[in-house]
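Per-entry structural report
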Amino acid sequence: MRYRQVTTGTLALGVLLLIDVLRVWLPGIITIFGQAASTPAELMGAFALGWFVLAMGAPAVVRRVGARPVTVVAAVALAVARLALTAAPGGRTQLWLATAGLLVGLVWLVGVAAGTDRPVPGLVLGFAVNAAVHAVLDTVDLVWRGDWVAWLLSAVAVAVFLAGTAQPGRRPSRRAETVHPRGAGDALAGPADAPGGPADAPADPGGGRAWLLAGPALLLAGMVALSPALARTGMSYLVAGDGVARSPLFGLAPVPVAVAGFLCAALTRPPRGWGRAYGPVALLGGAVLFALDRGDLLLPAILLTAVGLGACLALTDDTSPPASDTASAGTAGGTSASRRGYAVAAGMLVFALGAVGYYSAYDLGYPNAAVPVVVAVLIAAVAFTARPVVHWLPGPFPPLRAAAAVTALALLAPVLADEVPVASNRDGPPQRLTVVAYNIRMGFGLDGRFDLTGLAEVVDRQRPDVVLLSEVDRAWLLNGGHDTLDLLSDRLGMPYVFGPAADPVWGDAVLSRWPVRDPRTLPLAAVGAPTGAQALAVTLDLGDGVRTAVVSTHLQPPPGKGPVVQARAVADFATRYAAGRPLVVAGDLNTEPGDEAFAEFTKVGLVDALAAARPLATSPADDPRQQIDHIFVSPGLTPGGPVAPRSTASDHLPVAVTVTLPPR
């Protein structure tokens, strides 16, 4: 069992490191290569897909050079790239380091596939451990932290990975496993497995289906099934209802449930007959629920997808090939190794196509709901049509113990990573409110780093009472799978209300030190702009019956025009919602003073709270030229001290103003 445990553990660690690299590389496509939509989406997509297409040549290299040297060299390169990214380089250095790490990681997978005919235990443990660690770290991975703890843990993971890679590639034969299902140790090894035997010649041609599903499974695991950020977002929708989300208690509680369901389904013997259909059916059901883009359906989507994905992978965990296959292992080894290499390369290309296809829709404007469903159909079809397992063998780790250990790790997340700031009005009502509006670009600074510290510091320096955020990402795999809103809420000590725009995990938010009542959200007409837009209205309860209405929005102009239609809708919605109470409307409005869209707010009687500081440019952050972030107030509020403090924690500058409330 020792060989199998080392091989499986090394594969799991390598998958974990590769996912770490992907969490840096994917957002780099947008924030560094694309500079946040200044580069055509088609060019960004071509850049992303090109590296996965290039990796399709790796099986030919493995066939010519041999799996062992390719795997070792690629593993070392992957380890170096992963550690180098922890050094927080930022900019194009970061992008090219992550790109190199991705490419060598794909080559490493191909090399491992050539020599591993039972990858399911290692793949599922890698996916599950990564999700558990991601949750315990509150969705901020070690690669973004850069402190001594991050360096230490990263170095340990890399060292163990390289030590496992350095172990000689020995394998017990499938024939021996089939005849002696209780013996999987080195004593059962055939001639090809003896010390000095050909490490690159696998014992049989199995494992191709499982390797093919590695990429699609990684996509659905990262997007839905094993996404801690999505789990927390789903919990936040249960708190408020009415299409908005609030800070939840124990938001990460669904993560250990999803991890346990995934591992138990993946590592235990699949049922026979029509019972084999439960995994594909559950997977398809979860993907459809996710595709409906409803916040209240996220939790059932996660749990169904997790169990279904695990069960589908179990169906491809082929441990009992026909006797004819086993007998011909000696001659088929090289061909089957090559097939497995092409299978995993093709599967990772499916990952890239699915990710690019899903997220580029928000730039190009086509429907993307079918993408997760199509990927789920592919996984279900490959799994259900696999040969039924007759002589199933447990993996190198006892299934229930492995599931319990990883689930126990995930159970730490609700205890260690869940914080719930609490608002209070016991010192109210105040005479003044400080309002900050900030487009946070999903948490990524101009250098492409995930910069929560920079965002929190520039906001906190204003000593805000209420913060209105635009471009809030809560779980997009493309952006690394972070819950940026919850993370900022914790750092600022302010609970949030979230309004979805493009989908349930991307939109606008209001954070407040005062209790929030009566949240409402208004979807805005797209008018030709691909990214969704909305207006989120809340009422601040300032104590003793004093109420102030606040509306957060991010207008999306149609191509070549101003956001006039959306501005008119927001102005009308805000004034009706306020119903005569003091009102603040703010956000990234994508319009300049004097423009027609800007005038829609002044037409309804709102006042430009930043007028005293004009011109007050806010974009781009490193060389501000455009005045597109604004704060409007009702005539009863007196604005003072308008500023746009300098920072490169986003591509916009925040705007802040202190408003004096009308006398009671």
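My aim in this report is to walk through the structure given alongside it, one point at a time. None of the values given here were measured: they were computed from a predicted structure.

About the cut-offs
Residues numbered from 1 in each chain as written. Predicted model: local features only at pLDDT ≥ 70, side-chain atom pairs only at ≥ 80, totals over all residues. Heavy atoms only, no water. Helix = DSSP H or I, 4+ residues; strand = E, 2+ residues; numbered from the N terminus. Rg over C-alpha atoms; globule rule 2.2 N^0.38 Å. Buried < 20%, exposed > 50% of the residue type's maximum accessible area, 1.4 Å probe, protein only. Contact = heavy atoms within 4.5 Å. Areas by Shrake-Rupley, 256 points an atom, 1.4 Å probe, with all protein chains shown as cover. Lys, Arg positive; Asp, Glu negative; His and termini not counted. Charge placed at Lys NZ, Arg CZ, Asp CG, Glu CD. Pairing = 2+ DSSP bridges. Phe/Tyr/Trp six-rings, centres within 6.5 Å; stacked < 30°, edge-to-face > 60°. Lys NZ or Arg CZ within 6 Å of the ring centre and 35° of its normal. 1 Å grid on protein atoms, 1.4 Å probe; cavity = no way out; pocket = protein on both sides within 12 Å on 5 of 7 lines; lining within 4 Å. Points joined across faces, edges and corners; volume = space filled by probe spheres on them. Nonpolar A, V, L, I, M, F, W, Y, C, P; charged D, E, K, R; others polar. Axes fitted to C-alpha atoms, helices over the stretch in contact; angles between N-to-C directions.

Tallying secondary structure elements over the chain gives 24 helices and 13 strands in all. Here the chain has a C-alpha radius of gyration of 27 Å; the compact-globule value for 664 residues is 26 Å, and the two agree. Projected onto its principal axes, the C-alpha positions of the chain cover 90 × 45 × 45 Å. Across the 664 residues of the chain, 60% fall into the buried class. A separation threshold of at least 6 residues defines the contact pool for the chain, and within that pool the share at least 24 residues apart is 79%. Counting every atom, the chain has about 23,600 Å² of accessible surface; 63% of that belongs to carbon and sulfur. Computing the positive centroid from 47 side-chain charges and the negative centroid from 47, the chain places the two 8 Å apart.

If you trace the seven strands from one edge of the open sheet to the other, you get E1-E4-E5-E3-E2-E13-E12, paired in mixed fashion. Looking at which strands have only one partner, the edges of the open sheet turn out to be strand E1 (245-246) and strand E12 (638-643). Pairing of E1 with strand E4 (residues 496-503) involves two bridges; the strand directions are antiparallel. Following the sheet pairing, Ala245 is matched in E4 by Phe498.

The next thing to look at is the packing of aromatic side chains. The geometry of an aromatic ring pair comes down to the distance between the two centres and the angle between the two planes. Summed over the entire model, instances satisfying the criterion amount to 20 aromatic pairs. Each ring, one from Tyr362 and one from Trp476, has its centre 4.7 Å from the other, and the planes form 25 degrees; the classification is stacked. A residue pair is termed long-range when its members are at least 10 positions apart, and Tyr362 in helix H18 (residues 361-364) and Trp476 in the loop between strand E3 (466-473) and helix H22 (484-492) qualify at 114 residues. As far as burial versus exposure is concerned, Tyr362 and Trp476 are alike and both buried. Of the aromatic side chains, those joined through ring pairs into one cluster are Phe290, Tyr358, Tyr359, Tyr362, Trp476 and Trp506. We note Arg474 situated over the ring of Phe498; from NZ or CZ to the ring centre the distance is 5.2 Å.

Empty space among the atoms becomes visible once a probe the size of a water molecule is rolled across them. On inspection of all chains with the given rule, the structure shows five cavities of 30 Å³ or more. The calculated volume of the second largest cavity comes to roughly 200 Å³. Lining the second largest cavity are 19 residues, and of these Ile19, Arg23, Asn130, Gly222 and Leu477 lie nearest its centre. For the lining of the second largest cavity, the elements supplying multiple residues, two or more each, are helix H1 (2-33), helix H6 (120-136), helix H11 (214-225) and helix H12 (228-240). Residues that form the lining of the second largest cavity fall into these classes: 12 nonpolar, six polar and one charged.

Let us now look at the sheet that holds strand E9 (residues 583-588). One open sheet accounts for six strands, arranged E6-E7-E8-E9-E11-E10; its pairing is mixed. Each edge of the sheet is formed by a strand with only one pairing partner; in this case those strands are strand E6 (516-524) and strand E10 (607-608). Where helix H23 (residues 564-578) meets the sheet, its contacts fall on E6, strand E7 (533-541), strand E8 (547-554) and E9, and the angle it forms with E6 comes to roughly 155 degrees. In the packing of helix H24 (residues 596-603) onto the sheet, contacts are made with E9, E10 and strand E11 (629-633), and the angle to E11 comes to roughly 15 degrees.

Here the focus is unusual backbone geometry. Geometrically, the link from Arg614 to Pro615 is a cis peptide bond, its omega value of -5 degrees lying close to zero. In this structure, Pro615 sits in the loop between E10 and E11. A cis amide bond, omega -10 degrees, links Ser619 with the succeeding residue Pro620. Within the fold, Pro620 resides in the loop between E10 and E11.

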